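# Analysis of the macromolecular model
The primary structure of each chain is shown beneath.
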Amino acid sequence: MKFASIGSGSEGNGTLICSGDGDVVLLDCGFSGREAVKRLATLNLGLEDISAILVTHEHSDHVKGVALLANKGRIPVYCTWGTWAAKLHTVLDESLLTVISPHQRFSIGNILVQPVPVPHDAREPCQFVFESSGQRLGILTDVGSITPHMVEQYQRCDALMLECNHDLNMLAESAYPPSLKRRVAGPLGHLNNQQAAEMLGQLDCSRLQHLVATHISQKNNHPELAMQALRGVVGFSPDRIRIAKQCSGFAWLEIEVRTVACGKQTITN
Ligand SMILES: [Zn+2]
Ligand SMILES: [Zn+2]
């Protein structure tokens, strides 16, 4: 399995998940159609390469280009009923829609998808853990607080994209109006660096190959502060923690299949 991003942050998000067999899922598309096509091309992808679009929630930084790409490329779209009803129903061809339950796993080709309902100020938001060939990729953004269910679902990931939205001090001192500060820092807002570190600290990271800090605020955070917070938890060297950028996301990261020697047998896990 491999994954990449065409951009991450409040100006637009889009993540690609690709199985070893060539199934490609686009998770969210918060860019205009034209911009998304341009960004997908940098990963050598055209609309014809995308097997499905999966949507976490209806905020425009996640949904802006979804209907345009889907209608144009006849790409199936998977989302909860709440996400459909909040936004997509006005713009997406309904014949492309598959409604998912936020509690029930499903498959897109050889990719098994586990939805995880999360606290965020949207109608029916969920985040996802992807599994293919025994490898697990967890993606968690747009989350205001950490729930026991989230902690349970994101255990033992081989790769993790984790929201580090803001630094609490920078947010407090920023020019944001008080209502927006309360929203961002509130229980239905976004994870700050400390919360991200706290979440990570509750996870079994023994299999973790890739850790990517995502949805970083350009006004209320610094990549270095996010890195510092996460580094302290997993003890990764700085070069093993990546930052997903707003302007360009990040290039393909391959999750390696790990082989563990066990007596005369080699177990692939
Ligand atoms: Zn967002
Ligand atoms: Zn959101």
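## A closer look at the sheet that holds strand 10 (residues 135-140)
Spatial ordering of the open sheet is given by 7-8-9-10-11-12-13, a layout of seven strands whose pairing is mixed. Two strands in the sheet have a free side with no partner beyond their single neighbour: strand 7 (106-108) and strand 13 (241-243). Geometrically, the sheet is characterised by an average inter-axis angle of 25° between neighbouring strands, direction not taken into account. For strand 7 and strand 8 (residues 111-117), the ladder comprises three bridges, and the chain directions are antiparallel. Bridged to I108 within strand 8 is I111.

## A short note on the coordination of the zinc ion (ligand 2)
Surrounding the zinc ion (ligand 2) are the protein donor atoms H57 (NE2), H59 (ND1), H120 (NE2) and D142 (OD), at 2.2 to 2.4 Å. Each donor residue of the zinc ion (ligand 2) lies on the same chain, and together they follow the pattern H-x1-H-x60-H-x21-D. In this structure, the zinc ion (ligand 2) lies 3.6 Å from the zinc ion (ligand 1), and both are coordinated by D142. Taken together, the positions of H59 in the loop between strand 4 (52-54) and helix 2 (60-63) and H120 in the loop between strand 8 and strand 9 (126-132) put the pair 61 residues apart, joining distant regions of the chain.

## Things to note about the packing of aromatic side chains
Within the structure shown, the criterion is met by three aromatic pairs. Residues F128 and F130 carry aromatic rings whose centres are separated by 6.1 Å and whose planes lie at 40° to one another, so their mutual orientation is tilted. Exposure class is identical for F128 and F130. Each is buried.

Quick notes on the rules
All residue numbers refer to position in the chain's written sequence, counted from 1. Here chains are named by letter from A upward and ligands by number from 1 upward, in the order in which they appear as written. Given that the model is predicted, a residue must reach a pLDDT of at least 70 before its local features are reported, and side-chain atom pairs must reach 80 or more before they are shown or counted; all residues, however, enter totals for whole chains, interfaces and linings. The side-chain values count all of the structure's non-hydrogen atoms but skip hydrogen atoms and water molecules. Two strands pair if DSSP finds at least two bridges between them. In this text, helices come from DSSP runs of H or I with a minimum length of four residues, and strands from runs of E with a minimum of two, each type numbered from the N-terminal end. Angles run from 0 to 180 degrees between N-to-C directions of axes, and those axes are lines fitted to C-alpha atoms, restricted for helices to the stretch in contact. Metal donors were taken as nitrogen, oxygen and sulfur atoms no farther than 2.8 Å from the ion, or 3.2 Å where the ion is Na, K or Ca. Water is excluded, so coordination may look unfinished. Planes of paired rings set the category: under 30 degrees apart is stacked, over 60 is edge-to-face and the rest tilted, where pairs are Phe, Tyr or Trp rings (Trp by its six-membered ring) whose centres lie within 6.5 Å. Only protein chains enter the accessibility calculation, which uses a 1.4 Å probe; a residue whose area is less than 20% of its type maximum is buried, one above 50% is exposed, and one in between is partly exposed.

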